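Here's the letter readout for the chains.
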Amino acid sequence: MKWRGKFSVGGKVIGTVFIYNPKQQVLSGRAIEASEVKKEQDKAASALRIADLEYRKINQLAGNTVKDESQQAIFDFYLQVIRDPSLRTEIYEKIREELLTADQAVFQVFRKYIQKLEVSGSTLFKERIPDVVDIRSRLIAAIQQKEILVKIDEECIVVCRELSPSEIILFARQKVKGIVAEKGGLTSHAAIIARSMGIPFVFGVDGIIDQITNGARIIVDGEKGEIITNPDEAELDFARSEILSRVSDDASRKKYLSGPVFTKCGTRIRTMVNLELEVEVDKAAHYGPEGVGLMRTEAFFLDQSQGGAAGVTNGETTEESRDQQRFIERSLSLCKADGDYITIRLYDVGGDKLPGFSEKEENPALGLRGIRLLMARKQLLMSQLGIIAEALRQSAGKHEFRVLIPMVSSVEEVRLVRELLHEVLVKAGLKQYAGKVKTGAMIEVPSAALIADILAREADFLSIGTNDLMQYMMAADRTNTLVSGYYDEYHPALWRSIKSMIDAAGGSSAEISICGEMASVPKFAALFAALGIRSLSMAAPALIDVRKMLSNIDLRLMKKELRRIFEATSADEVRAITDEILSGLNVSDD
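The structure displayed is predicted, hence computed values, not measured ones.

**Student:** What is the right way to look at the overall build of the protein in this model?
**Tutor:** Within the protein, the regular secondary structure consists of 22 helices and 19 strands. In the protein, once contacts between residues fewer than 6 apart in sequence are set aside, the share between residues at least 24 apart is 69%. Here the protein has roughly 25,500 Å² of accessible surface; of this, 49% comes from carbon and sulfur atoms.

**Student:** What am I meant to see in the packing of aromatic side chains here?
**Tutor:** Centre distance and the angle of the planes are the two values used to describe a pair of aromatic rings. Within the structure shown, the criterion is met by 5 aromatic pairs. Following the ring pairs from residue to residue traces out a cluster consisting of Y490, W495, F524 and F528. Positioned above the aromatic ring of Y341, the side-chain terminus of R402 is 3.7 Å from the ring centre. A cation over a ring is seen here: K499 above F566, with NZ or CZ 5.6 Å from the ring centre.

**Student:** Looking at this structure, I do not really get the nonpolar core. What am I missing?
**Tutor:** Soluble globular proteins tend to pack their nonpolar side chains together in the buried interior. Core analysis: the biggest nonpolar cluster contains 140 residues, and F401, W495 and L536 have the highest contact counts within it. Ranked by residues supplied to this core, first place goes to helix α13 (residues 378–395) with 9 residues. When residues of this core are assigned to domains, at least three fall in each of domain 2 (34–149) and domain 3 (257–583). Excluding residues that lie within four positions of it along the chain, F401 makes contacts with I328, L332, I342, I344, I388, A391, L392, S395, K436, V437 and K438. Residues F18, I168, A194 and F201 belong to the second largest nonpolar core, which totals 16 residues.

**Student:** Is there a simple way to think about the packing of helix α19 (residues 522–531) against helix α22 (residues 571–584) in this case?
**Tutor:** The geometry of a pair of packed helices is captured by two quantities: the angle between their axes and the separation between those axes. α22 packs onto α19 with a crossing angle of 80° between their chain directions and a minimal axis gap of 11 Å. With respect to each other, α19 and α22 are oriented roughly perpendicular. Counting all contacts with α19, which are made through K523, A526 and L527, the residues of α22 involved are T578, D579 and L582. Of the residues in the contact of α19 with α22, the class split is 3 nonpolar, 1 polar and 2 charged.

**Student:** Explain the pairing of strand β11 (residues 292–295) here, please?
**Tutor:** Across a regular strand the side chains alternate sides, sitting on one face of the sheet and then on the other. Summarising the sheet, strand β10 (residues 268–275) and β11 pair through 3 bridges and their orientation is parallel. From the neighbouring strand, N274 faces β11, where its bridge partner is L294. Relative to strand β14 (residues 341–345), β11 runs parallel, the two sharing 2 bridges. Opposite V292, over in β14, you have I342 as the bridge partner.

**Student:** Sorry if this is basic, but what is going on with the environment of E118 here?
**Tutor:** With respect to the helices, strands and loops of the structure, E118 is situated in helix α4 (residues 102–118). It is 7.6 Å that separates the C-alpha atoms of E118 and I129, two residues lying 11 residues apart in sequence.

**Student:** Please explain helix α18 (residues 492–505) as it appears in this structure.
**Tutor:** The periodicity of an α-helix, 3.6 residues per turn, causes residues three or four positions apart to be oriented the same way. Helix length check: α18, at 14 residues, gives a terminal C-alpha distance of 20 Å against a target of 20 Å (1.5 Å per residue), a fit within 8%. Looking at α18, one finds that the buried residues are P492, L494, W495, S497, I498, M501, I502 and A505.

**Student:** Is there a simple way to think about the confidence of the model for the protein in this case?
**Tutor:** Low pLDDT means the predicted coordinates in that region are not meant to be read closely. When pLDDT is averaged along the protein, the result is 84, and 83% of the positions lie at 70 or above. Low pLDDT, under 50, characterises residues 302–316; the predicted model gives this stretch 35 contacts beyond four residues in sequence or across chains. Low pLDDT, under 50, characterises residues 351–357; the stretch is placed with 26 contacts to residues that sit more than four places away or in other chains.

**Student:** What am I meant to see in α22 here?
**Tutor:** Spanning 14 residues, α22 covers 20 Å between terminal C-alpha atoms, matching the ideal 20 Å at 1.5 Å per step. Those residues of α22 not exposed but buried are A571, V574, I577, T578, I581 and L582. Down the axis of α22, the buried side of the element spans an arc of 125°, and every buried residue falls inside it. Structural note: α22 exposes D572 and G584 on the side pointing more than 90 degrees away from its buried face. Lining the buried residues of α22 we find α18, α19, α20 (543–551) and α21 (555–566). N586 lies just past α22 and shows a positive phi near 60°.

Analysis parameters
- Residues numbered from 1 in each chain as written.
- Predicted model: local features only at pLDDT ≥ 70, side-chain atom pairs only at ≥ 80, totals over all residues.
- Heavy atoms only, no water.
- Helix = DSSP H or I, 4+ residues; strand = E, 2+ residues; numbered from the N terminus.
- Contact = heavy atoms within 4.5 Å.
- Areas by Shrake-Rupley, 256 points an atom, 1.4 Å probe, with all protein chains shown as cover.
- Phe/Tyr/Trp six-rings, centres within 6.5 Å; stacked < 30°, edge-to-face > 60°.
- Lys NZ or Arg CZ within 6 Å of the ring centre and 35° of its normal.
- Core = buried A, V, L, I, M, F, W, Y, C linked by side-chain atoms within 4.5 Å.
- Buried < 20%, exposed > 50% of the residue type's maximum accessible area, 1.4 Å probe, protein only.
- Domains from an automatic or database assignment.
- Axes fitted to C-alpha atoms, helices over the stretch in contact; angles between N-to-C directions.
- Parallel < 35°, antiparallel > 145°, perpendicular 65-115°, else oblique.
- Nonpolar A, V, L, I, M, F, W, Y, C, P; charged D, E, K, R; others polar.
- Pairing = 2+ DSSP bridges.
- Expected span 1.5 Å × (residues − 1).
- pLDDT = per-residue confidence, 0-100.
- Arc of directions from axis to C-beta.

Here you go:
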């Protein structure tokens, strides 16, 4: 049987199924007496110490398996949560004030945190839920003195509902060949860990765990996001031949480790990197990106207690602002050549995730997020622009800075940010560097797509965020598996929309680029280039395969075939036409 999911980590493997489906923990059902409060508080304290020790041991195992800074950052986050005095205080208060057992108190405290993440309008925050759940489960297991981990056979492929980063680390230690999960996301910590360890990982495979058995044969293709359960001999032979072919192809791929890249017809396509965490910078450098096409800054809100803490509070620079400035300065090291630049996306968060002044929203995805929130809470916007200005000062104007505005729906939003940015530069005494700072609009909502020509005249550049653009265009939450079938990158509406935006911007001096996840898919990258896109930004590991694809296409030939895509009536037609076009040009995205 064949399955399809959202691929996260490349590689093709054959193995046997190990179903990992831990039973839900059962909490104590009783209320305690006042005389038992101290005893339950001691249980909670002991659990925090045990969890701290377990995470440090897991981190040590991870270090013995693979050295990776992003992995270290994740476990630093775990330990920060475990060691946070406010967490201990809140658990203690629950036990004392509500006379709850220790495990009940832990569950309720963490439930509050998880509920805040669940209603967040940010995909990034939603995908952090498994990390919080992992900490909660470990604490409850320690309180109940139960073993949370399992032993599995080497060389198997784990099939599960969802995995936490710590579970992936332990499975990797046992030489798991691959992972298939019903839930998960490209930017989740679990995906980061799997990617850093080179484990093929396919997620978003709804219902698979109920359709397979332990020990069954399975083929997992992390590059295409395809899975075959109970394969026949012909399918196994084909998979084996592809695996051998990819091994022999590794040597030839090395020449694509750095840019610039030119198509067969001599057109240069700039290939840049998306960054989310500072620890990604060194790894990204290995792939030789031509600058940073998208720097996400939302992570600086994860541990905030006040809305203004992200930048300047009461006139004092915060630790978070210093961290963000250092992130920008380190990322500038990826701008090696003249013309390389860094694109900093302003905070793309929802109001419901900023404690202290936010209100719960019924539909956060359509609510106060991105530039809307920044306009409503101007101090947040001014603080971040100040951070960018200081980073510009430190760089002495050596490289171009681009400020990307998220969730743009009108030209007034672009004008406002440009005016405020100018105000900040003048106040900081950096007017001489004004020409080194560009202002751009992120196109991810239909209203912005329909006025792309107006935005292109007002903004210095446009960047198409395909992730949210598809979500809003199809009215399908990309984190909701119930409507995942509607989130199809081949839908004709998406391609017609992208073409119309490129055509609309063609009459202006504004550059238009792609920074969504689709830019990391080689066949999509080829189509974007044929449509006129000259700048693509993606996760660093995708750079090699995208460059390989771009180097082997002739845009003149592809352009002649593109009209067929815009005449297609369904996603299946677009998919078939795309494959046919690339096949006709003797190009493969494998």
